[in-house]
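Remarks on the overall topology
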Amino acid sequence: MESNTALSGKVVSVATGEAHSLILTGDGRVYSWGKGMFGRLGTGSEVDELFPVQVKFETCVEKRLNFVGVAAGAYHSLALAGFVHFSVLVEPSEAPNTLGMLELFPYYDVNNKLKDLLQENDLPFSLDSGWIEMMDRSGVGATTSVSFTASVLHGENYSMPRLMDQFLELGSLGSLIDHSETKSEGPLKICSIKAGGMMSLAIDDHGALWMWGNCPQQRNKTGSSISFESSFIPIPVRDFHGHSVVKVACGSEHVVALVSAGETYKGEDLVCYSWGNNNHGQLGLGDRESRVHPEIVEMFNQDSSWDVYEVACGAYHTALLTRKRRTIDPLESVCWTFGLGGNGQLGHGTTQSVLKPEPVKELPGQAYLISVDCGLFHTSVVSSVGDVWSWGMEKGLGLCPDASFTGTDAGDAASPLLMSGYGVDGPIFHNPIQVACGAAHTVLVANDGYKLWSWGRGTSGVLGNGKTINCFAPSFVLWPPLTEDFKQPEPKTVGEESNGSKAVAETDKRLSLAMEEIELLQSKLSVMEQYGGMLHGLVFGRPFTYQDIPISLQNSGNFDIAKQWESMLESADHSKLLRLELFYRDMRATIKDKIMKRRIQEIIKECLPSSTTEK
């Protein structure tokens, strides 16, 4: 059993949106960072946050709530608490209401409802090794939580968390479908949340799926066409009645769900369904026809030899992790992708779109994959031993580790590339937990949840490292936040507070100055690393890593550049020498062109009349 102090610094889940990230800690707290526009960070403002900051649920009796899940759409966020379901942000006013809110409740009404509910269902939480388990009074585990909705008028933006109350008014999906049943007592219990694009989803304890926001709808009675309409309240997906939805993911306009073959999930009986927009084959059904209702992806039906255990959706592509059913090799797992491939995000070595699931063949066969996620145009997976592969593209943002930083396809990778995750003491991504992909950035939770890494686009503080510059190789997210490390205990008595006020004020001032100096030094170091990494990438065609530092410089601090350059050339293989030669030729040609252009301009200026040159 880990202490509360340890759990407060342990990340058990991460979610990423278009340009922001959320994390959930072992003690049930939620942190956010990145772009603050539309209030997606839940901090009460639209200011960008360069480091993780705690989301405050002040109107929700925070001290009595433990959060068990987070989810992020493009511009909105969700957090799931024990017995309460929250929306952290909201959508732009012209966008669908992904928060599922309808009308505005006064704060005192919401709080009174919450207090009554907590008094009736005040269940303790047990946390062990990063897994969150809710226990009822009899000690029987229950992975459920009640959610209710807070209300928002006409999709208005809110920068503070708002309670949802819509689920309070809903019974189980079974009682909605079978009118002979009485409506279930008490509010509906939600055990899982997910978000993507302009859509939000929730799975209840009966295995029913609910969705709100930009939802697929039937355009006409014949069902021949599909449209996407805003739903301000959660609506049930009735197609799975009699089965349990176990996991779900959604892209811009498509949804993929893993559903039990029978009424309940038995471990290896999941069937893959998909529906929504299919203009790029992202449903994996073998065509480009959109579906209003879920259809089985035949590759992963009830009779498939593959057991699907993870699903992720990009804007227009899908990724699945599977393992062989009834196999003696526990390490045999495969990543399958389908949909839009124009940016290499499928990892098949081409930029062709694929209409049916195909395996990503260049991933190692004996690596058990534990996590997968999709960004706008890229995909990342993590193995149990800490290897991280990424593929896809977002031009100029360095989402892939071999970005050349030159030409029109910088950052391109049509096949999986192993991230630079090795230092002088071996792999640096120990005991990974989860990878999450935003539109153009990636976040990795490693070291059993005690370290966070990020790379990709850095604008608006998306990487959480205190900078607003792009990072082409994994960098540390500042976790836990510096402000928490420097917190001082409050005085116990009025007398102590009075006597020590000057000392405390002086200490706070020194700590503040120290933090400012640390941030300044970190900023300068990051800029220098960025500059050095760009130069190294231009010359050698790959990001700079620690082992690239010459041994003489590591050991003594002395560096003879001429000697080191000569040694490097002596040890370089044929391919490296050819690249250096090409780099030298390109650089020399560029310089000659610049000299020639300037000389021509000078000659023209000398020969033409001043009045002509001025014109």
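Here's a quick rundown of the structure. Just so it is clear, the model here is predicted, and its values are computed rather than measured. (Residues numbered from 1 in each chain as written. Predicted model: local features only at pLDDT ≥ 70, side-chain atom pairs only at ≥ 80, totals over all residues. Heavy atoms only, no water.)

Before going further, it helps to examine the overall build of the chain. Of the regular secondary structure elements, the chain holds ten helices and 32 strands. Scored against the burial criterion, the 615 residues of the chain give a buried share of 48%. Long-range pairs, those at least 24 residues apart, make up 53% of the contacts in the chain between residues at least 6 apart in sequence. Carbon together with sulfur atoms contributes 53% to the accessible area of the chain, which is approximately 29,800 Å² in total. (Helix = DSSP H or I, 4+ residues; strand = E, 2+ residues; numbered from the N terminus. Buried < 20%, exposed > 50% of the residue type's maximum accessible area, 1.4 Å probe, protein only. Contact = heavy atoms within 4.5 Å. Areas by Shrake-Rupley, 256 points an atom, 1.4 Å probe, with all protein chains shown as cover.)

Angle between the axes and distance between the axes are the two parameters that describe a pair of packed helices. One can describe the packing of helix H8 (residues 561-571) onto helix H9 (residues 574-607) by two numbers: an axis separation of 8 Å at closest approach and a directional angle of 125 degrees. When the axes of H8 and H9 are compared, the pair comes out oblique. Residues Trp565, Met568 and Leu569 of H8 form the contact with H9, whose participating residues are Lys576, Leu577 and Leu580. Residue composition of the contact of H8 with H9, by class: five nonpolar, no polar and one charged. (Axes fitted to C-alpha atoms, helices over the stretch in contact; angles between N-to-C directions. Parallel < 35°, antiparallel > 145°, perpendicular 65-115°, else oblique. Nonpolar A, V, L, I, M, F, W, Y, C, P; charged D, E, K, R; others polar.)

Moving on, we get to a nonpolar patch on the surface. On the surface, a nonpolar cluster with roughly 270 Å² of combined accessible area is contributed by Trp565, Leu569 and Leu577. Relative to the assigned elements, Trp565 resides in helix H8. For Trp565, a relative accessible area of 44% puts it in the partly exposed group. (Patch = residues over 30% accessible without salt bridge, like charges linked within 9 Å, V, L, I, M, F, W, Y side chains within 5 Å. Salt bridge = Lys/Arg side-chain N within 4 Å of Asp/Glu carboxyl O.)

A separate point is the sheet that holds strand S16 (residues 254-260). Read across the sheet, four strands follow the order S15-S16-S17-S18 without closing on themselves; strand pairing throughout is antiparallel. This sheet does not close on itself; its edge strands, each paired only once, are strand S15 (245-250) and strand S18 (291-296). In this sheet, neighbouring strand axes are inclined to one another by 20 degrees on average, regardless of whether the strands run parallel or antiparallel. Inspection of the sheet shows S16 paired to strand S17 (residues 270-276) by seven bridges, in the antiparallel sense. By the bridge assignment, Ser260 is partnered in S17 with Leu270. (Pairing = 2+ DSSP bridges.)

Moving on, we get to the sheet that holds strand S23 (residues 369-374). An order of S23-S24-S25-S26 is seen for the four strands of this open sheet, with the pairing classed as antiparallel. Two strands in the sheet have a free side with no partner beyond their single neighbour: S23 and strand S26 (417-418). The pairing of S23 with strand S24 (residues 378-383) spans five bridges and is antiparallel. Looking at S24, one finds that Val372 is bridged to Val381.

For the rest of this paragraph, the subject is the nonpolar core. Leu258, Cys272, Phe300, Val311 and Leu320 are the most contacted members of the largest nonpolar core, which has 19 residues in total. Elements supplying a minimum of two residues to this core: S16, S17, strand S19 (306-313) and strand S21 (333-339). A total of four residues in this core trace back to one element, the largest contributor, which is S19. Apart from the residues within four sequence positions on either side, Val311 is in contact with Lys247, Val248, Ala249, Val256, Leu258, Thr318, Ala319 and Leu320. Judged by nonpolar contacts, the second largest core, of 18 residues, contains Leu201, Val237, Val259 and Trp275. (Core = buried A, V, L, I, M, F, W, Y, C linked by side-chain atoms within 4.5 Å.)

What follows covers the state of the cysteines. Evaluation of the coordinates by the stated rule reveals zero disulfides. No disulfide involves Cys215; its sulfur sits 9.6 Å from that of Cys250, the nearest cysteine. (Disulfide = S-S within 2.5 Å.)

So, on to the packing of aromatic side chains. In total, this model carries ten aromatic pairs according to the counting rule given. Ring centres of Phe429 and Trp453 lie 5.1 Å apart, and the angle between their planes is 85 degrees; this geometry places the pair in the edge-to-face category. Taken together, the residues span a long stretch of sequence, with Phe429 in the loop between strand S28 (426-427) and strand S29 (434-437) and Trp453 in strand S31 (residues 451-456) at a distance of 24 residues. An identical accessibility class is assigned to Phe429 and Trp453; each is buried. Clustering of aromatic rings is evident, with ring pairs tying together Phe240, Tyr273 and Trp275. Sitting above the plane of the Trp306 ring, Lys324 keeps its charged end 4.5 Å from the centroid. (Phe/Tyr/Trp six-rings, centres within 6.5 Å; stacked < 30°, edge-to-face > 60°. Lys NZ or Arg CZ within 6 Å of the ring centre and 35° of its normal.)

Before going further, it helps to spend a moment on the environment of Arg291. Within the fold, Arg291 resides in strand S18. Sequence separation between Arg291 and Ser274 is 17 residues, and the spatial gap between their C-alpha atoms is 8.2 Å. Discounting chain neighbours no more than four positions away, the residues touching Arg291 are Ile226, Trp275, Gly276, Asn278, Leu283 and Leu285. At a separation of 2.6 Å, a polar atom in the side chain of Arg291 contacts the side chain of Asp287. Of the polar contacts made by the side chain of Arg291, one reaches the backbone oxygen of Glu289; its length is 2.5 Å. (Polar contact = N/O pair within 3.5 Å; in protein donor to acceptor, adjacent residues only side chain to side chain.)

A few words on the side chain of Ser21. Locating Ser21 in the fold gives a position in strand S2 (residues 20-25). Polar side-chain contacts of Ser21 include one of 3.1 Å to the side chain of His441. Every residue in contact with Ser21, bar those within four places of it in the chain, is listed here: Ala15, Thr16, Tyr31, Ser32, Trp33, His441, Val443 and Val462.

Glancing now at the pairing of strand S11 (residues 190-196). Both S11 and strand S12 (residues 199-204) contribute to a ladder of six bridges, which runs antiparallel. Across the sheet, the residue bridging to Lys194 is Leu201, located in S12. A loop of two residues connects S11 with S12, the two strands running antiparallel in sequence, and Gly197 in this loop sits at a positive phi of about 55 degrees.

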